[in-house]
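Letter by letter, the chains look like this.
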Amino acid sequence: MDGVYPTEESRWEAVLTRDARADGAFWYGVRSTGIYCRPSCPSRRPRRENASFHDSPQEARARGLRACLRCEPDGVSAGTRAVVRVRFLLETAATPPPLSALAADVGLSPFHLQRLFKRAVGLSPKQYAVGLRHLRFKEGLKMGKPVTEAMYDAGHETSSTLYRKDGLGMTPGAYRAGGAGQTIHFAVVDSTLGPMLVAATARGLCAVRFGEADVMTAELRAEYPAATLIEDAAPLEPYLQSLHAYLDGHSSELKLDADAPGTDFQQRVWAALRQIPHGETRTYAELAGMIGQPRAVRAVATACARNPVALVVPCHRIIPKAGGSGGYRWGVERKAALLEAERGERLL
């Protein structure tokens, strides 16, 4: 078993999450019903012991299974299979193949592949490869590898791209060492939503959180154990003024710099959140559409839940399609209060 989803565990996870990106990478069968489906099939998930995995519809039929009438697994397009193949090539190559080589492998023109891949994934093949390198590099740093070793293991040929803010938001050594070499000023202040922790590096905000002061402070220290943490509100005064003005209803905009590390996908989601106008909301599906990945609803929801800078990245403006305010990392009551305030009612 090989490909983008190389193990049964990864395939089962794709089935559980109805990952449309897995369509064309494999098909799964259900022994109790005798059918096979594409991973994104909306039907009820089978029991794990009843699921089997197949590399093609032909293989599934050879095992005595018949096609699902609901998801029509035989209808996976050649374009979808090409995207899956290119993702596999990018994720397994030591050095990302050029677009021309990828196009030749799947029998498409470079232009057609570029457009097809970007429509399906939301990134060009080159951008996807860069994102993979960033992810591998960050994983290497977290494992304790020296920066140079992590750089080459991730597929970087030079260090020129490592220090760009769009990758880590901090230098690689600082990220690997839990913020080593970084000075982070922080303060816990009272707000209309209760205790609020605000923290910032020289580049921008790295945390805006609500909750119990002791818990938030402990979480910040755990996240940046090697950074120089200074509890001092004075350097944060411009940020605090803007945040209080927003919460008190005197301002509807928070155009503040942020320096929060995240994956390329998370950064794209957070950037899209900042485009939602004050007083308006979007669903998770609409947000996924905003970043060009309409099928990545679950991944978008996860990125929202991991937003480290409340208010500045307004994840509270995302609501469930079924209605209601939905969940919120800092409490559903706070989310409801924020939404009411943005509809014209000031916070108490």
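About the criteria used
- Residues numbered from 1 in each chain as written.
- Predicted model: local features only at pLDDT ≥ 70, side-chain atom pairs only at ≥ 80, totals over all residues.
- Heavy atoms only, no water.
- Pairing = 2+ DSSP bridges.
- Helix = DSSP H or I, 4+ residues; strand = E, 2+ residues; numbered from the N terminus.
- Contact = heavy atoms within 4.5 Å.
- Axes fitted to C-alpha atoms, helices over the stretch in contact; angles between N-to-C directions.
- Parallel < 35°, antiparallel > 145°, perpendicular 65-115°, else oblique.
- Nonpolar A, V, L, I, M, F, W, Y, C, P; charged D, E, K, R; others polar.
- Left-handed = near helix turned anticlockwise from the far one by under 90°.
- Core = buried A, V, L, I, M, F, W, Y, C linked by side-chain atoms within 4.5 Å.
- Buried < 20%, exposed > 50% of the residue type's maximum accessible area, 1.4 Å probe, protein only.
- Phe/Tyr/Trp six-rings, centres within 6.5 Å; stacked < 30°, edge-to-face > 60°.
- Lys NZ or Arg CZ within 6 Å of the ring centre and 35° of its normal.
- Polar contact = N/O pair within 3.5 Å; in protein donor to acceptor, adjacent residues only side chain to side chain.
- Salt bridge = Lys/Arg side-chain N within 4 Å of Asp/Glu carboxyl O.

Trainee: When you look at the sheet that holds strand β2 (residues 35-37) in this model, what are you seeing that I'm missing?
Mentor: Across a sheet, paired strands are connected by hydrogen bonds in the backbone, their directions being either parallel or antiparallel. Ordered by their spatial adjacency, four strands build an open sheet running β3-β1-β2-β4, and the pairing between neighbours is mixed. Looking at which strands have only one partner, the edges of the open sheet turn out to be β3 (51-54) and β4 (66-67). Against the sheet, helix α1 (residues 8-16) touches β1 (27-30) and β3, its axis set at about 110° to β3.

Trainee: Explain the packing of helix α11 (residues 264-273) against helix α13 (residues 297-305) to me, please; I cannot follow it from the model alone.
Mentor: Between two packed helices, the angle of one axis relative to the other and the distance separating the axes together describe the packing. Close contact between α11 and α13 brings their axes to 9 Å; oriented N to C, the two are set at 80°. Taken together, the axes of α11 and α13 are roughly perpendicular relative to one another. Residues Phe265, Gln266, Val269, Trp270 and Leu273 of α11 touch α13, and the partners they reach there are Ala299, Val300, Ala303 and Cys304. Across the contact of α11 with α13, the residue classes tally to eight nonpolar, one polar and no charged.

Trainee: Teacher, can you tell me more about the side chain of Arg38 here?
Mentor: Counting through the fold element by element, Arg38 comes out in the loop between β2 and β3. Apart from the residues lying within four places of it in its own chain, the contact partners of Arg38 are Asp23, Trp27, Tyr28, Cys71, Glu72, Pro73, Gly75 and Val76.

Trainee: So what exactly am I meant to see when it comes to the packing of helix α3 (residues 78-92) against helix α4 (residues 99-106) here?
Mentor: Relative orientation of the contacting elements α3 and α4 amounts to 135°, with a least axis distance of 10 Å. As judged from the angle between their axes, α3 and α4 are oblique. Handedness of the α3/α4 crossing: right-handed. In contact with Ala82, Arg85, Val86, Leu89 and Leu90 of α3, α4 contributes Leu102, Asp105 and Val106. In terms of residue class, the contact of α3 with α4 is made up of six nonpolar, no polar and two charged.

Trainee: Could you clarify how one ought to interpret the pairing of strand β5 (residues 183-189) in this entry?
Mentor: Each regular strand carries side chains that alternate between the two faces of the sheet. Inspection of the sheet shows β5 paired to strand β8 (residues 228-231) by four bridges, in the parallel sense. Paired with Phe186 across the bridge in β8 is Glu231. In the sheet, β5 pairs with strand β6 (residues 196-200) via five bridges, with the strands oriented antiparallel. Paired with Ala187 across the bridge in β6 is Val198. Where β5 folds back onto β6 in an antiparallel hairpin, the turn is made up of six residues, including Gly194, whose phi is positive at roughly 100°.

Trainee: I tried to follow the nonpolar core on my own but got confused; where do I start?
Mentor: Side chains of nonpolar character tend, in soluble globular proteins, to be buried together. Counting residues in each nonpolar core, the largest one holds 39 residues, and the members touching the most others are Leu205, Leu243, Val269, Leu273 and Leu311. Of all elements in the fold, only β5, β6, β7 (205-210), α10 (237-247), α11, α12 (284-290) and α13 reach the threshold of two or more residues within this core. Ranked by residue count, the leading element in this core is α10, at five residues. Ignoring anything within four residues of it in the chain, the contact list for Leu243 reads Met196, Val198, Val208, Leu254, Leu256, Leu311 and Val312. Formed by 17 residues, the second largest nonpolar core is a distinct cluster that contains Tyr5, Cys41, Phe53 and Cys68.

Trainee: Even after reading the chapter, I still don't get the sheet that holds β7, so can you show me in this structure?
Mentor: With respect to topology, four strands assemble into an open sheet ordered β7-β6-β5-β8, the strand pairing being mixed. Unpaired on one side and paired on the other, β7 and β8 mark the two borders of the sheet. Each neighbouring strand pair of the sheet contributes to a mean axis angle of 20°, computed without reference to strand direction.

Trainee: Help me understand the packing of aromatic side chains in this model?
Mentor: Aromatic ring pairs: the centre-centre distance and the angle between the two ring planes describe each pair. Counted by the stated rule, this structure contains two aromatic pairs. Between Phe26 and Phe53, the aromatic rings sit 5.9 Å apart at their centres with planes inclined by 70°, giving edge-to-face as the arrangement. In this pair, Phe26 is assigned in the loop between α1 and β1 and Phe53 in strand β3, connecting sequence segments 27 residues apart. Phe53 shares its class with Phe26; the two are buried. Look at Tyr328 and Trp330: their rings are 5.5 Å apart centre to centre, the planes differ by 70°, and that puts the pair in the edge-to-face class. Note on Trp330: relative accessible area 6%, which makes it buried. The lysine or arginine in question, Arg48, covers the ring of Trp12, its NZ or CZ lying 5.4 Å from the ring centre.

Trainee: Teacher, can you tell me more about the environment of Glu342 here?
Mentor: As for its position among the elements, Glu342 is in helix α14 (residues 332-342). For Glu342, a relative accessible area of 7% translates into the label buried. When the C-alpha atoms of Glu342 and Arg317 are compared, they prove to be 9.4 Å apart, with 25 residues separating the residues in sequence. Aside from chain neighbours lying at most four places away, what touches Glu342 is Tyr246, His278, Gly279, His316 and Arg317. Polar side-chain contacts of Glu342 include one of 3.0 Å to the side chain of Arg317.

Trainee: What is the right way to look at the pattern of salt bridges in this model?
Mentor: Opposite charge on two side chains permits them to pair, given that their charged atoms come into close proximity. A complete count under the given rule lists 10 salt bridges for this structure. Its salt-bridge partner being Glu223, residue Arg209 comes within 2.5 Å of it at the nearest N-O pair. Taken together, the residues Arg209 in strand β7 and Glu223 in helix α9 (residues 213-223) connect sequence positions 14 residues apart. When salt bridges that share partners are traced, they join Arg209, Glu219 and Glu223 into one network.

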